[in-house]
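The residues making up each chain are set out below.
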Amino acid sequence: MKVLHSTTSEDEKHTDRELAHKWKTIDWNQTRTQVNRLQTRIAKATREEKWNLVKRLQYLLTHSYFAKILAIRKVTQNRGKRTPGIDRERWDTPSDKMRAATNLSESHYRSQPLRRIYIPKPGKDTKRPISIPTMHDRAMQALYALALQPVAETTADTRSFGFRLFRCAQDAGDYAFKCLRGKNAAPWILEGDIKGCFDTISHDWLMRNISMDRSVLAQFLKAGFIFDEKLFPTNSGTPQGGTVSPILANMTLDGIEKMLSDSFPSKKVYFIRYADDFLVTAPTETVAEEACMLIQGFLTERGLELSKEKTVITHIDSGFDYLGWHFRKYKGVLLIKPSLKSIESIRRKIYEIIHIGRSWTQDQLVQALNPVIKGWTQYHRHIVAKETFREMDFYLWNMLWYWAKRRHHNKGHKWIVNRYWHSDKNRNWVFQTPTHRLVQFSETKIVRHYMPKLNANPFLDRDYFRERKDRMKRVASDIQTISNPSYLAAR
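Given the structure is predicted, the values throughout are model-derived calculations rather than measurements. Every chain is numbered on its own, with residues counted from 1 as its sequence reads. With pLDDT at 70 or above as the cut-off, local features in this predicted model cover only qualifying residues; side-chain atom pairs require 80 or more to be listed or tallied, and sums for whole chains, interfaces and linings still use all residues. Hydrogens and water are ignored here; the side-chain numbers use all heavy atoms of the structure.

K.L.:
I'm lost on the overall build of the protein in this one. Help?
P.N.:
Check the secondary structure of the protein and you find 19 helices and 13 strands. For 491 residues, the compact-globule formula gives about 23 Å, and the C-alpha radius of gyration of the protein, at 26 Å, lands near that figure. Its C-alpha atoms give the protein principal-axis dimensions of roughly 75 × 70 × 50 Å. Each residue gets one of three labels from its accessible area relative to the maximum for its type: buried under 20%, exposed over 50%, partly exposed in between, using a 1.4 Å probe on protein chains only. For the protein, the proportion of its 491 residues judged to be buried stands at 48%. When contacts within the protein are restricted to residue pairs at least 6 apart in sequence, long-range pairs at least 24 apart make up 70% of them. Every accessible area reported is derived by Shrake-Rupley at a probe size of 1.4 Å, with residue values counting cover from the shown protein chains alone. Summed over its atoms, the accessible surface of the protein is roughly 25,900 Å², and 50% of this surface lies on carbon and sulfur atoms. Secondary structure elements are taken from DSSP: a helix is a run of H or I of four residues or more, a strand is a run of E of two residues or more, and numbering for both begins at the N terminus. In this treatment the radius of gyration is a C-alpha quantity, and the globule benchmark scales as 2.2 Å times the residue count to the 0.38 power. In what follows, residue pairs with any heavy atoms lying within 4.5 Å of each other are defined as contacts.

K.L.:
Just checking my understanding: could you explain the side chain of N370 for this structure?
P.N.:
Relative to the helices and strands, N370 resides in helix α15 (residues 362-380). Looking at N370, its side chain comes within polar contact range of the main-chain oxygen of R437, at 3.1 Å. The definition of a polar contact used here is a pair of N or O atoms within 3.5 Å, where within protein one atom must be able to donate a hydrogen and the other to accept one, and adjacent residues in sequence count solely through side-chain atom pairs. A polar atom in the side chain of N370 sits 2.8 Å from the backbone nitrogen of V439. Filtering out sequence-adjacent residues up to four positions away, N370 remains in contact with R437, L438 and V439.

K.L.:
Got a minute to help me understand the packing of aromatic side chains in this structure?
P.N.:
The relative placement of two aromatic rings is captured by the distance of their centres and the angle of their planes. Between 30 and 60 degrees the pair is tilted, below 30 it is stacked and above 60 it is edge-to-face, where a pair is any two Phe, Tyr or Trp rings, Trp via its six-membered ring, whose centres lie within 6.5 Å. With the rule as written, the count across this model stands at 25 aromatic pairs. With a centroid separation of 6.4 Å and an interplanar angle of 85°, the aromatic rings of F163 and F198 are classed as edge-to-face. Here F163, found in the loop between α6 (135-155) and α7 (169-180), pairs with F198, found in helix α8 (residues 197-200); they are 35 residues apart in sequence, far enough to count as distant. Measuring from centroid to centroid gives 5.0 Å for W325 and Y379, while their planes differ by 20°, and the two rings are stacked. Taken together, the residues W325 in strand β10 (residues 325-330) and Y379 in helix α15 connect sequence positions 54 residues apart. For Y379, a relative accessible area of 26% puts it in the partly exposed group. A connected cluster of aromatic rings, assembled from ring pairs, spans W397, W401, W403, Y420, W421, W429 and F431. Any Lys NZ or Arg CZ that is within 6 Å of a ring centre and within 35 degrees of that ring's normal is treated as a charge sitting over the ring. The ring of Y395 has R347 sitting right over it, with the charged end atom 4.8 Å from the ring centre. Taking NZ or CZ as reference, R448 lies 5.8 Å from the ring centre of Y450, over its face.

K.L.:
So what exactly am I meant to see when it comes to helix α4 (residues 65-75) here?
P.N.:
Every α-helix carries 3.6 residues per turn, so stepping three or four residues along brings you back to the same face. Here α4 has its buried residues at A67, K68, I69, L70, A71, I72 and V75. Among the residues of α4, the N-terminal cap falls to S64, whose side-chain oxygen and the backbone nitrogen of F66 are separated by 3.2 Å.

K.L.:
I tried to follow the packing of α4 against α6 on my own but got confused; where do I start?
P.N.:
When two helices pack together, you describe them by how their axes are tilted relative to each other and by the distance separating the axes. Inter-axis angles, ranging from 0 to 180 degrees, are taken between N-to-C directions of lines fitted to C-alpha atoms, where helices are fitted over the stretch in contact. At their nearest, the axes of α4 and α6 sit 8 Å apart, and the two run at 125° to each other. Relative to α6, the element α4 is oriented oblique. In this structure, α4 crosses over α6, and the sense of that crossing is right-handed. Note on element contacts: α6 touches α4 through M135, R138, A139, A142, L143 and L146, opposite A67, K68, L70, A71, I72, K74 and V75. Residues are grouped as follows: Ala, Val, Leu, Ile, Met, Phe, Trp, Tyr, Cys and Pro are nonpolar; Asp, Glu, Lys and Arg are charged; all remaining types, including Gly, are polar. Split by residue class, the contact of α4 with α6 holds ten nonpolar, no polar and three charged. Every angle not falling under 35 degrees, over 145, or within 65 to 115 is termed oblique; those three ranges are roughly parallel, roughly antiparallel and roughly perpendicular. Here is the rule for handedness: rotate from the far helix to the near one, and if that takes an anticlockwise turn smaller than a right angle the crossing is left-handed, while a clockwise turn gives right-handed.

K.L.:
How do you make sense of the environment of R82 when you look at a structure like this?
P.N.:
Position of R82 relative to the elements: it lies in the loop between α4 and α5 (94-102). A sequence separation of ten residues divides R82 from D92, and the C-alpha atoms of the two residues are 8.4 Å apart.

K.L.:
Could you clarify how one ought to interpret the sheet that holds strand β6 (residues 270-274) in this entry?
P.N.:
Strands belonging to one sheet form pairs held by backbone hydrogen bonds; the direction of such a pair is parallel or antiparallel. By this definition, two strands are paired if DSSP reports at least two bridges between them. Across the sheet, which stays open at both edges, the four strands sit in the order β6-β7-β3-β8 with antiparallel pairing between neighbours. Two strands close off the open sheet at either side, each with one partner strand: β6 and β8 (312-315). For this sheet, the mean angle separating the axes of adjacent strands, direction not counted, is 20°. Examined bridge by bridge, strand β3 (residues 188-193) and β8 share four bridges and lie antiparallel to one another. Bridged to W188 within β8 is H315.

K.L.:
Just checking my understanding: could you explain helix α17 (residues 413-420) for this structure?
P.N.:
Among all positions in α17, only I416, V417 and Y420 are buried. Looking down the long axis of α17, one finds its buried residues gathered within 100° of arc, a one-sided arrangement. Tucked into the core, α17 has its buried residues touching α15, α16 (386-407), β12 (421-424) and β13 (427-431). The directions from the helix axis to the C-beta atoms are what the arc is built from.

K.L.:
What's the story with the sheet that holds strand β9 (residues 320-322) in this structure? I'm lost.
P.N.:
With antiparallel pairing, three strands are arranged side by side in an open sheet as β9-β10-β11. Edge positions in the open sheet fall to β9 and β11 (333-338), since each of these has one partner strand only. With direction set aside, neighbouring strand axes in the sheet form an average angle of 30°. Sheet analysis places β9 next to β10, joined by three bridges and oriented antiparallel. Following the sheet pairing, D321 is matched in β10 by H326.

K.L.:
So what exactly am I meant to see when it comes to the nonpolar core here?
P.N.:
Residues enter a nonpolar core if they are buried and are Ala, Val, Leu, Ile, Met, Phe, Trp, Tyr or Cys, with the set joined through side-chain atoms within 4.5 Å. Of all hydrophobic cores here, the largest spans 71 residues; its most connected members are I210, L260, V280, I295 and L299. The element that contributes the greatest number of residues to this core is α6, accounting for twelve residues. Not counting residues within four places of it along the chain, the set of residues in contact with I295 comprises L190, I256, M259, L260, F278, V280 and L306.

That's the geometry; what it means functionally is another story.
What follows is the structure, encoded as structure tokens:
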């Protein structure tokens, strides 16, 4: 449509241009500095248990202009930015984002129902429910998450590693290794899994114990969801897919570590948790059973229960799987290797990509496979995985050979090899084109992981996390560092 024939008023066009200019000229370093300053004050007040001061500071933060534009930026830059809620609204333009920031307020706030979809669980026939909030509700959750996260980090269990700033699954695996590697280490392990954790948390418990605006929290929890054009109420749980949900789940489970340390002093009972998956080491099977009963009582108060199928007690000599790794002692030596489920998962993914890409060009196939290979090897690069990497290279070569032979069934082996495999420096049999080269599993070097200090707080010990990030880069220049670098950039 030509501009001359547009029905949009000149005033509206001018307003959009002004809003877009405001968004594009925002100083994000100053924004993060202002937000981090208030977050640090909230963390200090939480550590000193000055809860009235915490509430006042949280009010200042959630009504801050800088926090609002940062919340808008978070929800418009993450992976789900193109997935709308029930209103089908998306904030794609700078003027949309600036307008949303000016309208972000808790005054008369009413959350809309979430859009429910179901996605398949990896390697299983069952599906996991995902609830998608509207963009406005996501922004409200991101805004209040900025005020709640300093409280959650300060009061968190020191051995909780999931959904936390500057902590990752590798930290949980490294700490489990330290607890189990010694000759006199506790040999019994309680493997725990919470049944439907996000879906069954008691709303009453959250309303009584979570330090944030009660009316806004109630809107997050009681929004309901729409599936097949029908509205369903939410009487328990936090919405999977919501920005604030991981923080609420962590705060619900915090306290198990202290309960176990008080109940079993000097008994080598250690607790490791990543999201809702946890381990408890114990000197005897009886102690492990007692710990299981205590944890079940702790969870019952919060509307949760342990999964009977996934909660088991295992001896370290028999081995167990945790977070995609297999822990087991061989003649007294603890080794961590990629689990069979993890290996089967990556093989299935490679097979699916090559099967779907039967008609792709070699360039397209390489570009689809490389991120999968890099992501899997980076996740397992700190454990005993070199032999597994070589086996995966052999599997990948066979799959590519079948792919090439299917495309050229009337050609000889030598012609196929010369077409797709070439020499690169000192290596032969490199699957590459003039523009792209397939990464091999065995190219990834085994690099030791450096776990952060257990009692380090990202809002109070920013210098420590900055030094740790630099140290990890020096050890391995291509290592994938933990997300949320903005918390280190601002002082």
